Amino acid sequence: MLKVGIKYCGGCNPDYDRVALFKMIEERLKGHVRFVSPEGADINLVLVIEGCKTACADLSLFDEKKIFKITQSEDAKNFIQEILG
């Protein structure tokens, strides 16, 4: 099963409900992905849920990890498609 670290931005100016979007992603990928802390050494990628297109979350801890950013709710569909193939 794919291990995905989940990271949120600070939420200073969100354009959409980030938590609700993550819950939808989690439900759609049930059985395919295990969401874990992004600091884990054995994760396959980091999913960063940014509240807006500014995408200002500090990602310097993840320089050597594959990162997928969501900056708007439509990006969730692309992430789901990438995981499910």
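What counts and what doesn't
Residues numbered from 1 in each chain as written. Predicted model: local features only at pLDDT ≥ 70, side-chain atom pairs only at ≥ 80, totals over all residues. Heavy atoms only, no water. Axes fitted to C-alpha atoms, helices over the stretch in contact; angles between N-to-C directions. Helix = DSSP H or I, 4+ residues; strand = E, 2+ residues; numbered from the N terminus. Parallel < 35°, antiparallel > 145°, perpendicular 65-115°, else oblique. Left-handed = near helix turned anticlockwise from the far one by under 90°. Contact = heavy atoms within 4.5 Å. Nonpolar A, V, L, I, M, F, W, Y, C, P; charged D, E, K, R; others polar. Buried < 20%, exposed > 50% of the residue type's maximum accessible area, 1.4 Å probe, protein only. Arc of directions from axis to C-beta.

Chemist: Explain the packing of helix H1 (residues 18–28) against helix H2 (residues 75–84) to me, please; I cannot follow it from the model alone.
Modeler: Axes are the key here: two packed helices are described by the angle between their axes and the distance separating the axes. Orientation of H1 relative to H2, taken along the N-to-C sense of each, is 20 degrees, at an axis distance of 11 Å. Taken as axis vectors, H1 and H2 run roughly parallel relative to one another. Handedness of the H1/H2 crossing: right-handed. Here Leu 21, Met 24, Ile 25 and Arg 28 of H1 lie close against H2, whose contacting residues are Ala 76, Phe 79 and Ile 80. Here the residues of the contact of H1 with H2 sort into six nonpolar, no polar and one charged.

Chemist: Explanation requested: H2 in the structure shown.
Modeler: Note: α-helices contain 3.6 residues per turn, so residues at a spacing of three or four share the same orientation. Among the residues making up H2, those that are buried are Asp 75, Ala 76, Phe 79, Ile 80 and Ile 83. One side of H2 holds all its buried residues, which, seen down the axis, span an arc of 140 degrees. Exposed and oriented more than 90 degrees from the buried face of H2 are Lys 77 and Gln 81. At its buried positions, H2 is contacted by strand E1 (2–8), H1, strand E2 (33–36), strand E3 (45–49) and strand E4 (67–70). Where H2 ends, the next residue or the one after it, Gly 85, has phi of about 80 degrees, a positive value.

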